[in-house]
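Here is how the chains run, residue by residue.
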Amino acid sequence: MIKTPGKSAQEDASPRHLHVICFDIPFPANYGGVIDVFYRIRALYRAGVKVHLHTYQYGGRGHSPELEAICHEVRYYKRRMLRDPFFSKLPYIVNTRDSSELLENLLLDTHPILFEGIHTCYHLNSPELQGRIRIVRMHNIEHIYYRNLAKIEGNPIKRYFFRKEAARLKAFESQLACASAIAAISPDDVKYLSLRYKNVFYLPVFHAQDEMQPGSGDVPMAVYHGNLGVGENNEAALFLADKVFRGLNYKLIITGNNPSRELQELCSGLDNVVLKSHVTTEEINSLVRSAKINLLPTFQSTGMKLKLINVLFQAGHVIVNSKMVRNTGMEALCEVANTAKEMQKAVLRLGNSEFRVEMLTRRRAFLMSTFSNEENAQALIQQIHALETCGSILAEPDQFVSAKKLAPSKLARARS
């Protein structure tokens, strides 16, 4: 189904168009992956790009007037969630996004295509798209991410699925050889991908903050936030509550949706730890801005932790562990503590100290130069222009025969 807002004749004279294929409807922008997509689309819109958004619909998200207002067109596709997650040779996150209608719509013109995440790459190596500019935005090294999810998953069926999915994603990753360019989300991911594929470039994460807006930071409490239904966030919250704040003379607020039963039971037994679920993005941001300390440990170093950027734009003292900031350039903008005892000491020390103006100045200089949505949208536009001018970097057909076998085009099969 297509929704197209009215366009003026002056707008239609704009020569730049871009297809964007998204794994989920990117509004409301309330979790990491869709935050990056939504604010990239908004920045491209502000730069005069006509975005043709193709987005998969599932999980209760509906058609979005907010997206339709900033896109040239929005097309919605059902994600095929009822498939057996264990049977296919393809990754489940790819195989459930295999719309032949999507491929037919991409063939209506010759505009460049941006695939958001390996999730959307079912048609990346389709013969019908040979010669098109095809950029893949990598949100993560997905097979490493899923392998790490398996390590912390307690449910044996889910753990088996994560392991199987990691193996399938590792095999499927070879499809990236068909891309004209790969936009990596972090310096570490650039390093990993550059060893394996051509034309990898760093495209920093897009986010909600257009400028520094530090809050008061005067409420004597620490805050940890995240989607608590995600294994790594649940693990971090359990670690903070049990290992860092148990018995500590300081208050911790853990906030986020879908907390595990284990986390709920743990927090209910601790006088200085409060669990807040069923919260809105606005409520989380209010806590982030008012808290004396924000805590953001992680046990996965893959990708870029967008919530760290969000906090650095808004908060005062921020305590992280090394995995959260490794090779990001943000090490000097935070207090780094790795063990429970180190974090306890940092909480007690920072809880009694004011946030220094010079730290705010340092943050502003780094964040506005590295994570400017406007400048990074221009960098993406320039990359597309370079591919249009010089010719896209494409693999020869015999270089990706194995990838084609992994994910053949349904449309191509139907026509053969």
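Here goes a summary of the coordinates provided. (Residues numbered from 1 in each chain as written. Predicted model: local features only at pLDDT ≥ 70, side-chain atom pairs only at ≥ 80, totals over all residues. Heavy atoms only, no water.)

## A few points about the pattern of salt bridges
Line of reasoning, step 1. In the structure shown here, the tally under the stated rule is 17 salt bridges.
Line of reasoning, step 2. Of the charged contacts in the structure, one is a salt bridge between D98 and R80, with a shortest N-O distance of 3.5 Å. Residue D98 is located in the loop between α4 (92-95) and α5 (100-106), and its partner R80 is located in the loop between β4 (73-78) and α4; the two are separated by 18 residues in the primary sequence.
Line of reasoning, step 3. Judged by its relative accessible area of 40%, R80 is partly exposed.
Line of reasoning, step 4. Here the salt bridges do not stand alone but share partners, grouping D36, R40, E116 and R137 into one network. (Salt bridge = Lys/Arg side-chain N within 4 Å of Asp/Glu carboxyl O. Helix = DSSP H or I, 4+ residues; strand = E, 2+ residues; numbered from the N terminus. Buried < 20%, exposed > 50% of the residue type's maximum accessible area, 1.4 Å probe, protein only.)

## Looking at a positive patch on the surface
Line of reasoning, step 1. Side chains of R147, K151, K170, R196 and K323 sit close together on the surface and give a patch of like positive charge.
Line of reasoning, step 2. As for its placement among the helices and strands, R147 is situated in helix α6 (residues 142-152).
Line of reasoning, step 3. Residue classification places R147 among the partly exposed positions, given a relative accessible area of 41%. (Patch = residues over 30% accessible without salt bridge, like charges linked within 9 Å, V, L, I, M, F, W, Y side chains within 5 Å. Areas by Shrake-Rupley, 256 points an atom, 1.4 Å probe, with all protein chains shown as cover. Lys, Arg positive; Asp, Glu negative; His and termini not counted. Charge placed at Lys NZ, Arg CZ, Asp CG, Glu CD.)

## Focus: the packing of aromatic side chains
Line of reasoning, step 1. Overall, the coordinates contain 11 aromatic pairs when judged by the stated rule.
Line of reasoning, step 2. Considering the side-chain rings of F27 and F38, the 5.2 Å spacing of their centres and the 50° angle between planes classify their relative orientation as tilted. Of this pair, F27 sits in the loop between β2 (17-22) and α2 (32-46) while F38 sits in helix α2; the two residues are 11 residues apart in sequence, bridging distant segments of the chain.
Line of reasoning, step 3. Of the residues examined, F27 reaches a relative accessible area of 24% and is grouped as partly exposed.
Line of reasoning, step 4. With a relative accessible area of 8%, F38 lands in the buried category.
Line of reasoning, step 5. Ring plane angle 85° and centroid distance 6.0 Å describe the contact between Y92 and F161, whose orientation is recorded as edge-to-face. Linking Y92 in helix α4 with F161 in helix α7 (residues 156-172), this pair joins segments that are 69 residues apart in sequence. (Phe/Tyr/Trp six-rings, centres within 6.5 Å; stacked < 30°, edge-to-face > 60°.)

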